[in-house]
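Tertiary structure, described
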Amino acid sequence: MGINEIIEISKPRIVVLLVITAVTSMYAASKLVPGSPPLEYLDYLHIIIAGALASAGSSALNHYYDKDIDPKMSRTSSRPIPSGRMAASNVLLYGLAVSCISVIYGFFALNAVSAFFIAVGIFSYVIIYTVWLKRRNTSNIVIGGIAGSAAAWAGWSAATGSMDLLGFLVGFLVFVWTPSHFWCLAMKIKDEYAQAEVPMLPVVIGMQRTSKYILGNTLILLPYSLILPAFGMGLVYTVIATVSGGLMLAYHYKLTKNPTSEFAWKAYKVTAPYLTIIFLAVALHG
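Residues numbered from 1 in each chain as written. Predicted model: local features only at pLDDT ≥ 70, side-chain atom pairs only at ≥ 80, totals over all residues. Heavy atoms only, no water.

1. Here we look at the overall build of the protein chain
Each helix and strand in the protein chain was counted, giving 14 helices and zero strands. Along the protein chain, helices and strands appear, N-terminal first, in the series α-α-α-α-α-α-α-α-α-α-α-α-α-α. The C-alpha radius of gyration of the protein chain comes to 19 Å, within 12% of the 19 Å expected for a compact globule of 286 residues. On the principal axes, the C-alpha backbone points of the protein chain span a range of 55 × 45 × 25 Å. Counting over 286 residues, the protein chain shows a buried share of 52%. (Helix = DSSP H or I, 4+ residues; strand = E, 2+ residues; numbered from the N terminus. Rg over C-alpha atoms; globule rule 2.2 N^0.38 Å. Buried < 20%, exposed > 50% of the residue type's maximum accessible area, 1.4 Å probe, protein only.)

Shown next, in the form of structure tokens:
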């Protein structure tokens, strides 16, 4: 078991995305919520450490639980457990330890509310999504999106010590964005999910209908993102949300006309950066 394997089971790209979400939410809350104490550099370091540990631990537990279906999909067959580079028991131990440390660290370094949302994120990704829904229901990834929202809520409450309506709505952006993002990926690798008998939407209802679900979801996401200016977001946020959401909408409309795995991959690559862009816009919020 080397450092490369530990990095791989921690899913670094997801770690970076969730940490950006948490940090930008924390910064925005410190500026937008009256009475918030000024943040020190150390506060940002604490949310980065707690968020990275929570994401890494959750991802490792996802690797552990999916060890029986990962060999059936070419995308996942070379992961550390199926390829024999790491023992499943070591991955389980790492995942549990790092997840627990993240919540404890968040409690002492940040506050109880932030630690609660860190725990919610871990629970929703590992238990609700990975264990309960992923292999049973097409709504798996929809409800699993709460894990991403929890990162934003943890960041917001780390700055304020509480949760308010704007903080909830900002975090809920992740939940609303997740289906469009993940269903594009599911269309790209539909055959692999079918082989592993995972009931992702394209496997169950086909590519054409899934593309319409993606478009429908984005038709909810765009106006939802434009509600936030009514709660304090400014012109910079509004322009960025309109342009980035509009681009997603255009690609997802084209996807309904061309519901192939090739075009789904193009749409996925447009959808993927949206979350980083929109949360940087939240941080700018002017």
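Now that the structure has been shown, the text picks up again.
2. Let's talk about the nonpolar core
Core analysis: the largest hydrophobic core is formed by 71 residues, its most contacted members being Leu173 and Tyr237. If one sorts the elements of this core by residue count, helix α8 (residues 165-188) sits on top with 14 residues. If sequence neighbours within four positions are ignored, leucine 173 has contacts with Leu221, Tyr224, Ser225, Leu228, Tyr237, Tyr274, Ile278 and Phe279. Counting residues in hydrophobic clusters, the runner-up holds five residues, among them Ala60, Ile81, Met86 and Val91. (Core = buried A, V, L, I, M, F, W, Y, C linked by side-chain atoms within 4.5 Å. Contact = heavy atoms within 4.5 Å.)

3. Structural notes on the packing of helix α3 (residues 41-65) against helix α5 (residues 112-133)
Remark: α3 packs on α5, axes separated minimally by 10 Å, with the N-to-C direction vectors making an angle of 15°. On the basis of the axis angle, α3 is roughly parallel to α5. Of the two possible hands of crossing, α3 and α5 adopt the one that is right-handed. In this structure, α3 contributes Ile47, Ala50, Ala54, Ser58, Ser59, Leu61, Asn62 and Tyr65 to the contact, and α5 contributes Ser114, Ile118, Ile122, Tyr125, Val126, Tyr129, Thr130 and Val131. Considering only residue class, the contact of α3 with α5 consists of eleven nonpolar, five polar and no charged. (Axes fitted to C-alpha atoms, helices over the stretch in contact; angles between N-to-C directions. Parallel < 35°, antiparallel > 145°, perpendicular 65-115°, else oblique. Left-handed = near helix turned anticlockwise from the far one by under 90°. Nonpolar A, V, L, I, M, F, W, Y, C, P; charged D, E, K, R; others polar.)

4. Quick look at a positive patch on the surface
A cluster of basic side chains, namely Lys188, Lys254, Lys266 and Lys269, defines a positive patch on the protein surface. Note on lysine 254: relative accessible area 45%, which makes it partly exposed. (Patch = residues over 30% accessible without salt bridge, like charges linked within 9 Å, V, L, I, M, F, W, Y side chains within 5 Å. Areas by Shrake-Rupley, 256 points an atom, 1.4 Å probe, with all protein chains shown as cover. Salt bridge = Lys/Arg side-chain N within 4 Å of Asp/Glu carboxyl O. Lys, Arg positive; Asp, Glu negative; His and termini not counted. Charge placed at Lys NZ, Arg CZ, Asp CG, Glu CD.)

5. Remarks on the environment of serine 55
Residue placement: serine 55 occurs in helix α3. What makes serine 55 buried here is its relative accessible area of 5%. Sequence-wise, serine 55 and serine 36 are 19 residues apart; in three dimensions their C-alpha atoms are separated by 26 Å. Residues in contact with serine 55, not counting those within four places in the same chain, are Ser10, Ile14, Val15 and Leu18.

6. Structural notes on the confidence of the model for the protein chain
A low pLDDT means the predicted coordinates there should not be read in detail. On average, residues of the protein chain score 94 in pLDDT, and 99% of them are at 70 or above. At the level of individual helices and strands, the protein chain shows its lowest average pLDDT in helix α6 (residues 140-144), which scores 85, and its highest in helix α4 (residues 88-109), which scores 98. (pLDDT = per-residue confidence, 0-100.)

7. Some points on the packing of aromatic side chains
We describe a pair of aromatic rings using the distance from one ring centre to the other and the angle between the two ring planes. Per the counting criterion, the structure on display carries eleven aromatic pairs. With 5.7 Å between their ring centres and 55° between their planes, phenylalanine 117 and tryptophan 153 make a pair best called tilted. With phenylalanine 117 in helix α5 and tryptophan 153 in helix α7 (residues 146-160), this residue pair connects regions lying 36 residues apart in the sequence. On the accessibility criterion, phenylalanine 117 (12% relative accessible area) is buried. (Phe/Tyr/Trp six-rings, centres within 6.5 Å; stacked < 30°, edge-to-face > 60°.)

8. Here we look at the packing of α8 against helix α11 (residues 207-225)
Relative orientation of the contacting elements α8 and α11 amounts to 160°, with a least axis distance of 9 Å. With respect to α11, the element α8 is oriented roughly antiparallel. In this structure, the crossing between α8 and α11 has a hand that is left-handed. Facing α8, whose interface residues are Leu169, Phe172, Leu173, Val176, Trp177, Pro179, Ser180, Trp183, Cys184 and Met187, α11 presents Met207, Thr210, Ser211, Tyr213, Ile214, Asn217, Thr218, Ile220, Leu221, Tyr224 and Ser225.

9. Some points on the pattern of salt bridges
If you walk through the whole model with that rule in mind, you get six salt bridges. The partner of arginine 85 in a salt bridge is glutamate 8, and the shortest N-O contact between them spans 3.1 Å. Placement of arginine 85 in the loop between α3 and α4 and of glutamate 8 in helix α1 (residues 3-9) is noted, with a sequence separation of 77 residues between them. Connected via shared salt-bridge partners are Asp66, Asp68, Lys134 and Arg135.

10. As for unusual backbone geometry
Phi at lysine 11 takes a positive value of approximately 50°, unusual for a residue other than glycine. Turning to its location among the elements, lysine 11 is positioned in the loop between α1 and α2 (12-32). A relative accessible area of 13% means that lysine 11 is categorised as buried. In this structure, glutamate 197 is a non-glycine residue whose phi angle is positive, near 60°. As for its position among the elements, glutamate 197 is in the loop between α9 (190-195) and α10 (201-205).

11. Observations concerning the side chain of histidine 181
Looking at where histidine 181 falls in the secondary structure, it is placed in helix α8. Using a relative accessible area of 12% as the deciding quantity, one classes histidine 181 as buried. In this structure, histidine 181 is in contact with Tyr268, Thr271 and Ala272, ignoring residues within four places of it in sequence.

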